[in-house]
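Residue-level listing of the chains:
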Amino acid sequence: MKTTILIHCPDQQGIISAVTGFVHAKGGNIVYLDQHVDQQANVFFMRLESNFDADLFSESDFEKEFQKNLAARYTMQWSMHRAGRLPKMALFVSKYNHCLYDLLSRYSSGELEVDIPFVVSNHADLRPIAEQFKIPFYHIPVTKANKGDAENEQLKLLASHDVDFIVLARYMQIVSAKIIDHYPNKIINIHHSFLPAFAGAKPYHAAFKRGVKIIGATSHYVTENLDEGPIIEQDVTTVTHAHRIADFITKGRDLEKIVLARAVKLHVQRKTMVYDNKTVIFY
Ligand SMILES: Nc1nc2c(c(=O)[nH]1)N[C@@H](CN(C=O)c1ccc(C(=O)N[C@@H](CCC(=O)O)C(=O)O)cc1)CN2
């Protein structure tokens, strides 16, 4: 039975030896280990994958003793994740279909190892795509007046399906603290610019007006501060004076799909850690 352990704590000597010794003593066979030290902040990060004999391994005992013997001693923030149960990913969309199509195609081909309980949208436009992939679709309109009620309805849906994380696949509404507080570092957005350049609703128009030679896409965890959350993945492509706004949008669409899919996979594989509004990614 495979487990993934993620740790961060103040850096000091002996952490790796202590953790690997403990895992070994608990019958674990470590099959992957990577670590990073943020020298400036003096913070240590580690990702470890270990196989245990499912008949002998007690997750609750392991967690209790790890907390008592290691986490308390080294002031660790840590989590352990068992392989096996597919994480439940809710998709939020508006009117643009390219990221939705891409993620549902990767899901139906088995490339994306998740369960998708539903797609929710503030518009009805993309219902046929969800139905094509036999995924339940919920249309919850959002206006300035009903935003609170709409988000309560979204929260009920998320809770009733025991959703693990949310992907904003070009969802064009600002998500409030009400939802973010229930899913800290568990909401992934795709922003259609190379952040921090051109945050906000119309980045391609702003980039065209500025005359840039490179455009990009950024996938980040969502915080209350629009487009300012911890960045998971980015990519760019070149543009020239000859490209019109429509060309920017077309080239950008391909980038958005690739960058979002990469970010979702890194999250699902437990390869991301968030610290100080930044990420450590164990590729
Ligand atoms: N709390 C957050 N919510 C959302 C974020 C985020 O970073 N934090 N990202 C957006 C996506 N996005 C850019 O990537 C974005 C979406 C919408 C807007 C915007 O100004 N929306 C207007 C309404 C637009 C409309 O109705 O079509 C608004 O909400 O007033 C800016 C950026 C997703 N949510």
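Everything that follows concerns the structure shown earlier in this document.
I will try to describe carefully the structure that is included in this document. (Residues numbered from 1 in each chain as written. Predicted model: local features only at pLDDT ≥ 70, side-chain atom pairs only at ≥ 80, totals over all residues. Heavy atoms only, no water.)

**A closer look at the packing of aromatic side chains**
All told, the structure shown has twelve aromatic pairs when counted by the stated rule. A ring pair is formed by phenylalanine 92 and tyrosine 171, whose centres lie 5.3 Å apart and whose planes are at 85°; its orientation type is edge-to-face. A residue pair is termed long-range when its members are at least 10 positions apart, and phenylalanine 92 in strand S5 (residues 89-93) and tyrosine 171 in the loop between strand S8 (165-168) and helix H6 (177-180) qualify at 79 residues. One exposure class covers both phenylalanine 92 and tyrosine 171, and it is buried. When the ring of phenylalanine 208 is compared with that of phenylalanine 248, the centres are 5.6 Å apart and the planes differ by 70°; the resulting orientation is edge-to-face. Taken as a pair, phenylalanine 208 in helix H7 (residues 203-210) and phenylalanine 248 in helix H8 (residues 245-268) lie far apart in primary sequence, 40 residues in all. Judged by its relative accessible area of 37%, phenylalanine 208 is partly exposed. Feature note: the residues Phe22, Phe52, Phe57, Phe62, Phe66 and Trp78 constitute an aromatic cluster, connected by ring pairs. Over the face of the ring belonging to tyrosine 32 we find arginine 47, whose NZ or CZ atom lies 4.9 Å from the ring centre. Above the ring of tyrosine 96, the side-chain terminus of arginine 170 is found at 4.3 Å from the ring centroid. (Phe/Tyr/Trp six-rings, centres within 6.5 Å; stacked < 30°, edge-to-face > 60°. Helix = DSSP H or I, 4+ residues; strand = E, 2+ residues; numbered from the N terminus. Buried < 20%, exposed > 50% of the residue type's maximum accessible area, 1.4 Å probe, protein only. Lys NZ or Arg CZ within 6 Å of the ring centre and 35° of its normal.)

**Topic: the packing of H7 against H8**
At their nearest, the axes of H7 and H8 sit 10 Å apart, and the two run at 125° to each other. By the angle between their directions, the pair H7 and H8 is classed as oblique. Taken as a pair, H7 and H8 cross one another with a handedness that is right-handed. Counted together, Tyr204, His205, Ala207 and Phe208 of H7 and Ile245, Phe248, Ile249, Gly252, Arg253 and Glu256 of H8 form the full contact between these two elements. (Axes fitted to C-alpha atoms, helices over the stretch in contact; angles between N-to-C directions. Parallel < 35°, antiparallel > 145°, perpendicular 65-115°, else oblique. Left-handed = near helix turned anticlockwise from the far one by under 90°. Contact = heavy atoms within 4.5 Å.)

Honestly, it's all geometry; don't read function into it.
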